[in-house]
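# A closer look at the structure
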Amino acid sequence: MSIAANPGQTGARGRWLAGSAVALYALIAMIPLFWIFATGFKSPPDSIAYPPKVFFEPTLEGYVNLFTSRSRQTDEYIKTLGPPKTWYEEIARSRNMVITGPSRFVDRYWNSVVIGFGSTFLAVFLGTLAAYAFSRFKVPLKDDLLFFILSTRMMPPIAVAIPIFLMYRELGLSDTKAGMILLYTAVNLSLSVWLLKGFVDEIPREYEEAAVVDGYTRLQAFRKVVLPQMRAGIAATAIFCLIFAWNEYAFALLLTSGHAQTAPPFIPIIIGEGGLDWPAVAAGTTLFLLPVVVFTVLLRNQLLRGITFGAVRK
Amino acid sequence: MAEASLAAVTKRFGETIAVDDVDLTIANGEFIVLLGPTGAGKTTLLRLIAGLETPDSGTVAIGGGDVTSLAPAMRDVAFVFQQYSLYPHYTVFENLAFPLRAPGRRMGEQAIRKRVSEIAEMLRIGHKLKNKATQLSGGEMQRVSIGRALVREPNVFLMDEPLSSLDAKLREDLRVELKRIQRDLGATIVYVTHDQLEAMTLADRIGILDRGRLVQVDEPRTIYERPATVYAAQRLGSPQINLLPAGRLGLTPGSASAITAGVRPEDVEVGTPGGFDARVIAVERRGAEMIALLEVDGGQQVHALLDAHRPVGEGASLQVAVRPGAPVWFDREQHLVNT
Ligand SMILES: Nc1ncnc2c1ncn2[C@@H]1O[C@H](COP(=O)(O)OP(=O)(O)OP(=O)(O)O)[C@@H](O)[C@H]1O
Ligand SMILES: [Mg+2]
């Protein structure tokens, strides 16, 4: 099992050129991300300064604003409160603000985590079992079923938004985490079954047969022999599923509000609250990006192998 | 160890009849080699014994009991697969220990370690135990596969071309080793190969498969000397047996139904006075011996196996004769005619 070597070993010069091109591209692609990251640490005036400031005094004001609700007060009133007890109160006071409580960001973020990872887990779990069954068992109408599963992808999911909205309302699934997990799982399952089936197909049956002859049950053989060899595929599939569920905006906007709202529809709301608070938006965006980055980095080694999709790996 | 038997077993895959009405009894402690060209049904036959395929008709028995509908795990056989039997995500040690860790076996870690290192030493892979299975050469992988079967003491060993990807030297070593192990353990082995030399040297009995049919099961010597059919005759011996129509080279059948004579190349004698005129078309030297392709009366070609020091060169003319009593005779259906 090795990653296909660089086809046609080019010389050191060629590799240097290719390396520089990739580095340059990566740099350009990362500028907006870096800008968002930096803006999260700017003060509101710095964030809208013209010409834009590359060097600035970092502050946590954006993050404080992201995590709190504040109200503007007069100097006189603030003086009556006594000195600020915490560093974040101090930051708020400096803008004539008083912290009135936590913002809803943490809730929304937590919703995103539960719904994103929950639906990813379910889609990959069910997808693995279905892929194994489709690959190994005689399933009646197998080809038709597989085509049907794929066909659910052919239409943009949002085309069924209204029927789903109506059904969810009837079923009491609107604005619930369970409803969103169910929905994202359903959308991701087709991708997950198809991707994973490719990976299972590649694992020779002889492996399981050898285990079965050696005295293991089919399920044990699956767990001890098939599953470990599917790691790469599972990692790749999980990342794709998570990215979809994590970024999904339209359904989240339509189906959630007070309770199960995820971060994507929430972040624009920050913009609306009390003027254009760009540092808070940037702070929210930075935090929003983190889980997918961390997840991808954690699964990076698996992913590199998995991403070759069916290229022969022995 | 135990005996195993197949009774009237047939297995079809769609239109293909992979195994066709096979009866075979493998005695306890017997080494049976199945020989046949690709697609003859050798692997399928092993899979039927292991329970990885269910016969369309007929029964399979192991140790006297009918196991036809028993799951593979319950049959207690060991299978060395033609390819892909090592788990790439495990080390060599874990691969070898895998069968011993099966749920029904309940062997202690200490005992497992001891058994695995014994087998690894025997197969000379002791120094590779910590390697991942993917970090082995083809020959080492094959030895680990064999080792995985040998760690257990199953009813029957089923081996599907276990030596096929080894170099000649290692093949020979392992062949000898395997035969020794089999004798020591008194193991019952069904062994599949394409290689007639392996078949001749390993087998107590050889089974010849032809498109799913078992055409002959006998001791190697018997099959070589009295092949049941032309097909069986052609499976053993290199170069292949010469087939000559009655009357050629003065061959006269002992019975009216005999129409084709089978003559082994070593039974073709060259340079005997009073023989038939022949011309040497090609010569292939194999070290101690040489093979001469001869053309006799009317374009009939005959292979002769000769000593390497015979002064025979291409284009030479010489006299050939068949050693008296050597030919075997076949009838119109290509079956052996008893004489
Ligand atoms: N699972 C299967 N589905 C369909 N046909 C099969 C299957 N397994 C085997 N066959 C067919 O059955 C016949 C016998 O196959 P088998 O694998 O037993 O041959 P073999 O003697 O082991 O050949 P080789 O020496 O190439 O390994 C072949 O014609 C093969 O195509
Ligand atoms: Mg085979």
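Analysis parameters
- Residues numbered from 1 in each chain as written.
- Chains lettered and ligands numbered in written order.
- Predicted model: local features only at pLDDT ≥ 70, side-chain atom pairs only at ≥ 80, totals over all residues.
- Heavy atoms only, no water.
- Helix = DSSP H or I, 4+ residues; strand = E, 2+ residues; numbered from the N terminus.
- Rg over C-alpha atoms; globule rule 2.2 N^0.38 Å.
- Buried < 20%, exposed > 50% of the residue type's maximum accessible area, 1.4 Å probe, protein only.
- Contact = heavy atoms within 4.5 Å.
- Lys, Arg positive; Asp, Glu negative; His and termini not counted.
- Charge placed at Lys NZ, Arg CZ, Asp CG, Glu CD.
- Donors = N, O, S within 2.8 Å, 3.2 Å for Na, K, Ca; no water.
- Domains from an automatic or database assignment.
- Buried area = accessible area lost by both parts, 1.4 Å probe.
- Salt bridge = Lys/Arg side-chain N within 4 Å of Asp/Glu carboxyl O.
- Polar contact = N/O pair within 3.5 Å; in protein donor to acceptor, adjacent residues only side chain to side chain.
- Nonpolar A, V, L, I, M, F, W, Y, C, P; charged D, E, K, R; others polar.
- UniProt positions renumbered as here; feature names shortened; annotations may be inferred.
- Axes fitted to C-alpha atoms, helices over the stretch in contact; angles between N-to-C directions.
- Parallel < 35°, antiparallel > 145°, perpendicular 65-115°, else oblique.
- Left-handed = near helix turned anticlockwise from the far one by under 90°.

## Overview of the overall build of chain A
Helix and strand content of chain A: 16 helices and two strands. Scaling as 2.2 N^0.38, a compact globule of 314 residues should have a C-alpha radius of gyration of about 20 Å, whereas chain A reaches 25 Å, well beyond that. Principal-axis analysis of the C-alpha atoms places the extent of chain A at approximately 85 × 65 × 40 Å. For chain A, with 314 residues in total, the buried portion stands at 40%. Residue pairs at least 24 apart in sequence account for 73% of intrachain contacts in chain A once pairs closer than 6 positions are excluded. Across chain A, the 28 positively charged side chains and the 21 negatively charged ones have centroids separated by 6 Å.

## Regarding the coordination of the magnesium ion (ligand 2)
Residues and elements named next belong to chain B. At this site the magnesium ion (ligand 2) is bound by Thr43 (OG1) and Gln82 (OE1), with donor distances of 1.9 to 2.5 Å. In this pair, Thr43 is assigned in helix H1 (residues 42–50) and Gln82 in the loop between strand E6 (77–80) and helix H3 (92–97), connecting sequence segments 39 residues apart. A residue is classified by how much of its surface remains accessible, and Gln82, at 37% relative accessible area, is partly exposed.

## With respect to the domain arrangement of chain A
Residues and elements named next belong to chain A. Taken domain by domain, chain A holds domain 1 (60–103) and domain 2 (106–308). At the interface, six residues of domain 1 touch nine residues of domain 2. Taken together, both faces of the contact between domain 1 and domain 2 bury some 630 Å²; the carbon and sulfur share is 72%. In this assembly, domain 1 and domain 2 are joined by zero salt bridges. Here domain 1 and domain 2 share one residue pair in polar contact (both at pLDDT 80 or more) between them. Class assignment of the residues belonging to the side of domain 1 that touches domain 2 gives a composition of three nonpolar, three polar and no charged.

## Let's talk about the UniProt feature "transmembrane region" (unreviewed entry) in chain A
As recorded in UniProt, the sites labelled "transmembrane region" (unreviewed entry) are residues 16–37, 109–133, 145–166, 178–196, 232–258 and 278–299 of chain A. Across residues 232–258 of chain A, helical content stands at 81% and strand content at 0%; the span's end C-alpha atoms are separated by 38 Å.

## Observations regarding the domain arrangement of chain B
Residue and element names in this part refer to chain B. For chain B, the assigned domains read domain 1 (4–235) and domain 2 (242–337). Opposite the 10 residues of domain 1 that make contact, domain 2 presents nine residues. Between domain 1 and domain 2 lies a buried interface of about 870 Å² when both sides are counted; carbon and sulfur atoms form 55% of it. Together, Tyr224, Arg226 and Val230 form the three largest contributors to the area buried by domain 1 at its contact with domain 2, with a combined 55%. Our count for the contact surface shared by domain 1 and domain 2 stands at zero salt bridges. Along the contact surface separating domain 1 from domain 2 lie five residue pairs in polar contact (both at pLDDT 80 or more). Of all elements in the fold, only helix H8 (220–225) and helix H9 (230–235) reach the threshold of two or more residues within the side of domain 1 that touches domain 2. In the side of domain 1 that touches domain 2, the residues fall into six nonpolar, two polar and two charged.

## What to know about the packing of helix H1 (residues 12–39) of chain A against helix H15 (residues 278–298) of chain A
All names here are of chain A. The contact between H1 and H15 brings their axes to 7 Å, and the two run at 120°. By the angle between their axes, H1 is oblique relative to H15. Crossing hand, H1 versus H15: left-handed. Residues Leu33, Ile36, Phe37 and Thr39 of H1 pack against Trp278, Pro279, Ala282, Thr285, Thr286 and Leu289 of H15.

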